[in-house]
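Notes for the structure review
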Amino acid sequence: MENNRECFLMKGNEAIAHAAVRCGCDGYFGYPITPQSEVLETLSQLKPWETTGMVVLQAESEVAAINMLYGGGASGKRVMTSSSSPGVALMQEGISYMAAVEIPAVIVNVQRGGPGLGTIQPGQADYLQATVGGGNGDYNTIVLAPASVQDMADYVDIAFQLAFKYRNPTFILSDGVIGQMMEQVYLPPFKPRRTEEEIGTECPWAANGYHLTQRKPNIFSSLEMDPKTMEQRNTRLQQKYALMSKNEQRATTFLCDDAEYLYVAFGSVSRCAEEAVVVLRNRGHKVGLLRPISLWPFPKDCLNKILPTVKEILVCEMNAGQMINDVKLSINCQRPVYHYGRTGGVVPTPDELIEAMIALIKQ
Amino acid sequence: MTKDDIIQPENLVIKKPELMNDTVMHYCPGCSHGVVHKLIAEIIEEMELSEKTIGICPVGCAVFAYRYLDIDWQEAAHGRAPAVATACKRLWKDRLVFTYQGDGDLACIGACETIHALNRGEKITIIFINNAIYGMTGGQMAPTTLLGMKTSTCPYGRVPELHGYPLNITDLATHLEGTAYVSRQSVHNVAAIRKAKSAIKKAFENSMNGIGSNLVEIVSTCSTGWKKTPVEANEWMEKNMFEFYQLGDLKDIKQ
Ligand SMILES: Cc1ncc(C[n+]2csc(CCOP(=O)(O)OP(=O)(O)O)c2C)c(N)n1
Ligand code: SF4
Ligand SMILES: [Mg+2]
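In this report, the structure presented in the accompanying data block is examined. Owing to the predicted nature of the structure, the values given are computational and were not obtained by experimental measurement.

**Focus on the coordination of the magnesium ion (ligand 3)**
Residues and elements named next belong to chain B. The protein atoms that coordinate the magnesium ion (ligand 3) are Asp 103 (OD), Asn 131 (OD1) and Ile 133 (O), at distances of 2.1 to 2.2 Å. The sequence pattern describing where the donors of the magnesium ion (ligand 3) fall on their chain is D-x27-N-x1-I. Separated by 30 residues along the polypeptide, Asp 103 in helix 4 (residues 103-109) and Ile 133 in strand 5 (residues 133-134) bring together distant segments of the chain. We note that Asp 103, like Ile 133, is buried.

**With respect to the site of ligand 1**
Residue and element names in this part refer to chain B. Taken together, the neighbourhood of ligand 1 is formed by 16 residues, with Cys 61, Asp 103, Gly 104, Asp 105 and Gly 135 sitting nearest. In the model, an oxygen atom of ligand 1 is placed 2.9 Å from a nitrogen or oxygen of the Met 136 main chain. Here ligand 1, which alone exposes 600 Å², has 76% of that area covered by the protein. Every element with two or more residues in the shell around ligand 1 is listed here: helix 4 and strand 5. In terms of residue count, the dominant contributor to the shell around ligand 1 is helix 4 (four residues). Each residue belonging to the shell around ligand 1 can be placed in one class, and the counts come to six nonpolar, eight polar and two charged.

**Structural notes on the packing of helix 2 (residues 32-46) of chain B against helix 8 (residues 190-208) of chain B**
Residues and elements named next belong to chain B. At their nearest, the axes of helix 2 and helix 8 sit 10 Å apart, and the two run at 50° to each other. Here helix 2 lies oblique to helix 8, going by the angle between them. Here helix 2 runs over helix 8; the crossing is right-handed. Contacts between helix 2 and helix 8 involve Val 35, Val 36, Leu 39, Ile 40, Glu 42, Ile 43, Ile 44 and Glu 46 from the former and Ile 193, Ala 196, Lys 197, Ile 200, Lys 201 and Phe 204 from the latter. The class makeup of the residues in the contact of helix 2 with helix 8 is ten nonpolar, no polar and four charged.

**Things to note about the side chain of Thr86(B)**
All names here are of chain B. Relative to the elements of secondary structure, Thr 86 occurs in helix 3 (residues 81-91). Under the relative-accessibility criterion, Thr 86 is labelled buried at 0%. Polar side-chain contacts of Thr 86 include one of 3.1 Å to the side chain of Arg 120.

**Description of the site of ligand 2**
All residues in the neighbourhood of ligand 2 are listed as Tyr27(B), Cys28(B), Cys31(B), His33(B), Cys61(B), Asn131(B), Gly135(B), Cys222(B), Ser223(B) and Thr224(B). Residue composition of the shell around ligand 2, by class: five nonpolar, five polar and no charged.

**Considering helix 5 (residues 111-119) of chain B**
Residue and element names in this part refer to chain B. Within helix 5, burial applies to Glu 113, Thr 114, Ala 117 and Leu 118. Each buried residue of helix 5 lies within a common arc of 120° when the element is viewed along its axis, so the set occupies one face. Phi for Gly 121, located one or two positions after helix 5, is positive at around 70°.

**Looking at the pattern of salt bridges**
All names here are of chain B. Considering all chains together, one arrives at 35 salt bridges over all chains under this definition. Its salt-bridge partner being Lys 52, residue Asp 94 comes within 3.1 Å of it at the nearest N-O pair. In this pair, Asp 94 sits in the loop between helix 3 and strand 3 (96-102) while Lys 52 sits in the loop between helix 2 and strand 1 (53-57), placing the two residues 42 residues apart along the sequence. Residue classification places Asp 94 among the partly exposed residues on the basis of a relative accessible area of 33%. Exposure remark for Lys 52: the relative accessible area of 30% places this residue in the partly exposed category. Among the ionic contacts, a cluster of salt bridges with common partners joins Lys 38, Glu 42, Glu 46, Lys 197 and Lys 201.

**Quick look at the layout of surface pockets**
Unoccupied space between atoms shows up once a probe the size of one water molecule is rolled over them. All names here are of chain A. Taken as a whole, the largest pocket spans an internal volume of roughly 360 Å³. Contributing to the lining of the largest pocket are 18 residues, with Ser 96, Ala 100, Asn 136, Ser 222 and Met 230 lying nearest its centre. A breakdown of the residues in the lining of the largest pocket according to their chemical character gives ten nonpolar, five polar and three charged.

**A look at the sheet that holds strand 7 (residues 179-186) of chain B**
An order of 9(A)-2(B)-1(B)-3(B)-4(B)-8(B)-7(B)-9(B) is seen for the eight strands of this open sheet, with the pairing classed as mixed. Looking at strand neighbours, the two that pair on one side only are strand 9 (219-220) of chain A together with strand 9 (248-252) of chain B, the edges of this open sheet. Bridge count for strand 7 of chain B against strand 9 of chain B is four bridges, and the pairing is antiparallel. In the strand pairing of strand 9 of chain B, Tyr181(B) is matched with Asp252(B). This element, helix 8 of chain B, spans strand 3, strand 4 (125-130), strand 7, strand 8 (213-219) and strand 9 of chain B of the sheet and lies at about 160° to strand 7 of chain B.

**A word on the side chain of Thr221(B)**
All names here are of chain B. Mapped onto the elements, Thr 221 comes out in the loop between strand 8 and helix 9 (223-226). A polar contact is formed between the side chain of Thr 221 and the backbone oxygen of Gly 30, at a distance of 2.8 Å. Setting aside anything within four residues of it in sequence, one finds Thr 221 in contact with Gly 30, Cys 31, Ser 32, Asn 131, Trp 226, Ala 233, Asn 234 and Met 237.

**Things to note about the nonpolar core**
Of all hydrophobic cores here, the largest spans 119 residues; its most connected members are Phe29(A), Met80(A), Leu262(A), Ile313(A), Val327(A) and Ile56(B). The element that contributes the greatest number of residues to this core is helix 7 (residues 149-166) of chain A, accounting for eleven residues. Here this core gathers at least three residues from each of two domains, domain 1 (7-196) and domain 2 (252-362) of chain A. Formed by 36 residues, the second largest nonpolar core is a distinct cluster that contains Tyr66(B), Leu69(B), Phe98(B) and Ala203(B).

**What about helix 8 of chain B?**
Taking 1.5 Å of rise per residue, the 19 residues of helix 8 of chain B would be expected to cover 27 Å, and the 27 Å separating its terminal C-alpha atoms lies within 8% of that figure. The distance from a side-chain oxygen at the start of helix 8 of chain B to the backbone nitrogen of Ala191(B) is 3.3 Å, and the residue carrying that oxygen is Asn189(B).

**A short note on the interface of chain A and chain B**
One frequently used descriptor of interface size is the decrease in accessible area upon assembly of the parts. Between chain A and chain B, the contact holds 39 residues from the first and 32 residues from the second. Between chain A and chain B lies a buried interface of about 2,900 Å² when both sides are counted; carbon and sulfur atoms form 61% of it. Arg80(B) is the salt-bridge partner of Glu93(A), the closest N and O atoms lying 3.2 Å from each other. Where chain A meets chain B, there are 19 residue pairs in polar contact (both at pLDDT 80 or more). Residue assignment for the side of chain A that touches chain B shows that the elements contributing at least two residues are strand 2 (27-30), strand 3 (55-58), helix 3 (62-74), helix 5 (92-100), helix 9 (196-202) and strand 9 of chain A.

Criteria and thresholds
Residues numbered from 1 in each chain as written. Chains lettered and ligands numbered in written order. Predicted model: local features only at pLDDT ≥ 70, side-chain atom pairs only at ≥ 80, totals over all residues. Heavy atoms only, no water. Donors = N, O, S within 2.8 Å, 3.2 Å for Na, K, Ca; no water. Helix = DSSP H or I, 4+ residues; strand = E, 2+ residues; numbered from the N terminus. Buried < 20%, exposed > 50% of the residue type's maximum accessible area, 1.4 Å probe, protein only. Near = heavy atom within 4 Å. Polar contact = N/O pair within 3.5 Å; in protein donor to acceptor, adjacent residues only side chain to side chain. Areas by Shrake-Rupley, 256 points an atom, 1.4 Å probe, with all protein chains shown as cover. Nonpolar A, V, L, I, M, F, W, Y, C, P; charged D, E, K, R; others polar. Axes fitted to C-alpha atoms, helices over the stretch in contact; angles between N-to-C directions. Parallel < 35°, antiparallel > 145°, perpendicular 65-115°, else oblique. Left-handed = near helix turned anticlockwise from the far one by under 90°. Contact = heavy atoms within 4.5 Å. Arc of directions from axis to C-beta. Salt bridge = Lys/Arg side-chain N within 4 Å of Asp/Glu carboxyl O. 1 Å grid on protein atoms, 1.4 Å probe; cavity = no way out; pocket = protein on both sides within 12 Å on 5 of 7 lines; lining within 4 Å. Points joined across faces, edges and corners; volume = space filled by probe spheres on them. Pairing = 2+ DSSP bridges. Core = buried A, V, L, I, M, F, W, Y, C linked by side-chain atoms within 4.5 Å. Domains from an automatic or database assignment. Expected span 1.5 Å × (residues − 1). Buried area = accessible area lost by both parts, 1.4 Å probe.

Below, the structure written as structure tokens:
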């Protein structure tokens with residue numbers, strides 16, 4: 001036990017399931033897909049409907065699952081789903097609708113390599129899909145990228161809090177490495193699910209009939225026939241996104257105080273980069289790592305803070321170059337920014353990242 | 001006799017349900033949607049369920065259903081209402097959760113969600129407005145369009161070689177283990193309206209009592225899409241639609 005938290009050895013996907021039950025989640029709706037099926041499997045084994053009363057349902061498709069989140073979230077409940085890249089692609093319609101009418105929910109994407117059916121091996125190529133909206137229309141979702149099994153356990157509750165704080169769908173953008181690997185994890189203590197009265201107080205906007213005779217009906221609809229009114233709605237949403245963008249940037253830095261060469265990496269790749277930093281520091285190179293935790297909003301304030309000592313930046317990702325755009329934009333291209341990427345399910349090794357950085361330093 | 005003498009409780013013949021507000025009607029003259037809205041309002045009121053109801057509206061002409069009835073509503077993406085309703089009902093077990101869907105919404109783009117919600121026996125009611133056409137988008141062919149019927153995307157009439165066959169999804173629903181009550185009604189005259197009302201009420205009662213999933217189809221007119229006057233549309237429906245879509249209770253596990 002550490003701070004009243006129990007310690008276990010488990011997979012990232014299992015940690016997601018345990019954390020969901022423990023943080024008072026009301027409902028999980030999902031459809032099997034590798035490499036994240038353990039989430040639904042673990043929940044089915046845990047039978048939380050007999051303990052906390054949490055609903056667990058295997059939906060007929062990811063399309064149905066996301067629309068179950070729409071219904072559950074609009075009624076004020078804490079609902080979540082998990083899937084992997086092709087499944088999350090199917091969910092985009094629902095996510096756009098939820099963002100449009102400000103429905104809170106948590107969506108976990110344990111990414112695999114694409115495009116198409118791609119591979120069941122890990123990938124990070126859904127970065128752009130997650131950070132620039134993904135579905136139709138102008139909208140954003142907060143995107144948190146876990147880098148350990150512990151993060152998987154911790155981010156579920158954080159994601160729910162953010163989702164309800166801003167009334168917005170929130171992503172946990174993981175990858176096949178984090179989902180499948182086993183690590184030591186401290187699970188959060190049990191938090192009870194909210195009562196009907198508590199939901200009534202916390203979510204007076206919810207469409208669930210609660211105390212209807214004492215208020216106006218709550219109606220969720222993204223349809224608006226008048227362009228001016230629609231634009232006003234969009235302006236209000238954009239103001240909310242601006243606020244989220246200002247308040248919710250999250251990142252960790254590793255040996256960045258005097259770093260001249262900077263890795264920027266998220267998720268499992270940040271773990272490799274951390275090891276690369278240690279090795280390169282031992283060899284006398286001033287190397288550091290910025291690990292964005294929130295991919296949207298991108299932690300540009302943090303990056304700019306450490307920028308003065310930095311000469312060159314190497315962005316490492318399991319894709320063909322997606323986060324690199326945010327890095328360049330965040331610093332207004334004030335430094336040379338390079339990319340090292342592997343795709344198709346190939347996970348880079350620390351040695352590869354070291355080699356790529358050495359090439360930069362020697363240049 | 002003055003007007004006030006006439007307006008007395010004992011003289012009351014018909015009354016607007018309190019849940020129905022004064023929103024300006026967006027449905028075309030002769031459209032069945034409005035009648036069904038009123039029935040739903042009456043039943044929710046009679047069952048005293050206004051604080052316990054979540055309505056899920058479709059994409060189709062009834063996209064604005066939420067404008068007319070003062071209850072909580074969620075507007076689902078095209079065809080997804082049964083999935084939305086599934087979660088609402090599972091998370092709020094004591095609520096009346098119903099979807100209101102057109103034939104394009106329910107039987108075409110949402111066929112998967114419809115079949116699976118019904119087959120899981122979700123304790124919901126699906127109200128299915130079958131006018132054999134896509135009303136909202138201007139009268140295109142629906143999965144339910146009858147053979148020979150003309151629409152803007154089968155302007156020479158529906159033929160199986162080109163367009164396949166009309167889908168009788170309500171008949172199909174009777175074969176699903178999860179359905180408790182499946183009924184097909186219409187609202188083209190007073191007797192039919194009465195029957196439709198009792199069918200919807202029975203479905204709502206089942207939903208509240210946790211009995212299976214419930215589907216009530218209303219064979220409907222779309223005078224605009226069919227390019228007919230309201231009277232012609234009713235006549236055409238009686239003559240052509242009722243033969244393929246036969247009215248009555250198709251399944252009732254309580255009987
Ligand atoms: C994903 C998606 N595809 C297409 C549409 C366009 N669309 C709106 S309503 C509709 C058909 C509605 O027909 P039906 O369900 O029969 O309802 P009716 O208007 O006849 O009552 C279509 C195709 C849409 N809104 N969303
Ligand atoms: S187009 Fe058809 S379904 Fe739509 S309101 Fe008019 S008559 Fe009714
Ligand atoms: Mg129709």
